[in-house]
Amino acid sequence: MKLDEVFSEWDPIDEAELEAIEASYHLCKSEPATSSLKRSKASPETDLTPPDGRRRLPNWGMRTPQSSSSGESSYSIVNRRACSEVRCSDFSTATPSSSWNSRYWNIAPPSCCRGDLRPRFPAIKFEGRIVYSRTLAEVVKATEEILGIIESKREESSRISLGFDMEWKPVFTRGAAQRKTAVIQICMGIDVCHVLHIHHSGVPPVLQSLLEDDRSVKVGVCIGGDAAKLLRDYNVSTKDLEDLSQLANRKLGKIPRSWSLASLLEALTSMQLDKPNKVRLGNWEADELSSEQLLYAATDAYVSWHLYEVLMRIPDANNSEIVGD
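Residues numbered from 1 in each chain as written. Predicted model: local features only at pLDDT ≥ 70, side-chain atom pairs only at ≥ 80, totals over all residues. Heavy atoms only, no water.

Novice: For this particular structure, what's the right way to read the overall build of the protein chain?
Specialist: For the protein chain, the helix and strand inventory stands at 13 helices and six strands. Looking at the protein chain as a whole, 40% of its 325 residues qualify as buried. Of the contacts made within the protein chain by residues no fewer than 6 positions apart, 69% connect residues no fewer than 24 positions apart. (Helix = DSSP H or I, 4+ residues; strand = E, 2+ residues; numbered from the N terminus. Buried < 20%, exposed > 50% of the residue type's maximum accessible area, 1.4 Å probe, protein only. Contact = heavy atoms within 4.5 Å.)

Listed below in structure tokens is the structure:
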């Protein structure tokens, strides 16, 4: 949007109204009200006359932000509101006029307009019970609990889905070998998710039998890669896998897309999956996982289970249907 187009959208303000507003503003700021009225229009620092010759409101909304005691800038609320009222292109194309007060444009666009133009959705998180198992005995007990739930659900359904994901400690040295899988998370509903810290416990036979059982489908994005890594790390051959990205392409249309867990969640539920780097790239081989790590791991597994259930209620797309990015 050009600068003259910006001004053309503003309603003119009566000169007397403008002077009264300016006087009231400066009076509240403990400045003499006449000081703003006697400013020279020839001064580039004080000229409030835009290119069309009409005077406008003073630029108190465009001043350099002042941090409050809460750490929030004085116009941060305005910035948030601007996300829904201003097109980001307005900020990228508007430039200061040499004949007008350049301080009107001495402001960064709202944070939502800086590069990432995607809408911000509410964040999802797992709100059920998180069972953290670290020792061998704890992992065995947790696996037996999962098997018990599976058996109880077999009466209702012949196919049980398990949200499945894995975590391992990242390496930041070029050429260094990838670390072994440190955590396995399994979720099969809204009530409970299991986070198994196999870095300490290893993979006991009962957990291996669960993963190699083809009577429960393990679901996740790029789950085939996770299964291949688990085979390399612990000689466990995970069976009956369902890749959510491939399932989504089959359900939503014939144009293939490489879905991430976060993008698929947004597309299907208008929810956002937070992936903070300080957690995602944290130490998953720690002696004990933090509460942030546990919530992160459980939420990933829960979202995988949830999206599988959503997708399975959608009929396969016809060949004539196309769903774009």
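Novice: Would you mind going over the nonpolar core with me for this structure?
Specialist: Nonpolar side chains in soluble globular proteins tend to end up buried together. Counting 33 residues, the largest nonpolar core has Leu244, Trp284, Tyr302 and Val303 as the members making the most contacts within it. Those elements that place two or more of their residues in this core are β3 (183–187), β4 (192–196), β5 (216–220), α10 (244–252), α11 (261–269) and α13 (291–312). The element contributing the most residues to this core is α13, with eleven residues. When near neighbours in sequence (up to four residues on either side) are disregarded, Leu244 contacts Val219, Gly220, Val221, Leu261, Leu264, Ser304, Leu307, Tyr308 and Leu311. Ranked by size, the runner-up nonpolar core spans 21 residues in total, among them Ala142, Ile160, Ile186 and Leu196. (Core = buried A, V, L, I, M, F, W, Y, C linked by side-chain atoms within 4.5 Å.)

Novice: Is there a simple way to think about the side chain of Asp300 in this case?
Specialist: Relative to the helices and strands, Asp300 resides in helix α13. Using a relative accessible area of 2% as the deciding quantity, one classes Asp300 as buried. Excluding residues within four positions of it along the chain, Asp300 makes contact with Asp165, Glu167, Gln185, Leu261, Leu273 and Lys275.

Novice: How do you make sense of the environment of Thr238 when you look at a structure like this?
Specialist: Among the structural elements, Thr238 can be located in the loop between α9 (223–234) and β6 (241–243). Taking the C-alpha atoms as reference, Thr238 lies 8.3 Å from Ala228; in sequence the two are ten residues apart. In this view, Thr238 contacts Leu211, Lys218, Ala227 and Leu230; residues no more than four positions away in its chain are not counted.

Novice: Looking at this structure, how should I read the sheet that holds strand β1 (residues 129–133)?
Specialist: Picture the strands of a sheet paired through backbone hydrogen bonds; they go either parallel or antiparallel. Pairing is mixed across the open sheet formed by six strands, whose spatial order is β1-β4-β3-β2-β5-β6. Edge positions in the sheet fall to β1 and β6, since each has one partner strand and no second. Averaged over all pairs of adjacent strands, the angle between strand axes in this sheet comes to 25°, irrespective of strand direction. Of the strand pairs in this sheet, β3 and β4 are connected by four bridges, and their pairing is antiparallel. Counted as the bridge partner of Ile184 is Leu196 from β4. Running over the sheet, helix α6 (residues 136–153) touches β1, β2 (160–167), β3, β4 and β5 and is turned about 145° from β4. In this fold α13 packs onto β1, β2, β3, β4, β5 and β6, with an angle of close to 145° to the strand it touches most, β2. (Pairing = 2+ DSSP bridges. Axes fitted to C-alpha atoms, helices over the stretch in contact; angles between N-to-C directions.)

Novice: Is there a simple way to explain the pattern of salt bridges in this structure?
Specialist: Side chains that carry opposite charge are capable of pairing whenever their charged atoms lie near each other. Applying the stated criterion to the full structure yields ten salt bridges. With a shortest N-O distance of 3.2 Å, Arg129 and Glu145 are connected by a salt bridge. Highlighted residues: Arg129 in strand β1 and Glu145 in helix α6, separated in sequence by 16 residues. Among the residues examined, Arg129 registers a relative accessible area of 47% and is labelled partly exposed. On the basis of relative accessibility, which here comes to 27%, the residue Glu145 falls in the partly exposed class. Put simply, Asp213 and Arg215 hold a salt bridge, and the shortest N to O gap is 3.2 Å. Overall, Asp213 belongs to the buried group, its relative accessible area being 13%. Among the residues examined, Arg215 registers a relative accessible area of 45% and is labelled partly exposed. Here the salt bridges share partners, and the residues they tie into one network are Glu151, Arg154, Asp213 and Arg215. (Salt bridge = Lys/Arg side-chain N within 4 Å of Asp/Glu carboxyl O.)

So, to be careful, I would describe these as geometric facts and stop short of saying anything about function.
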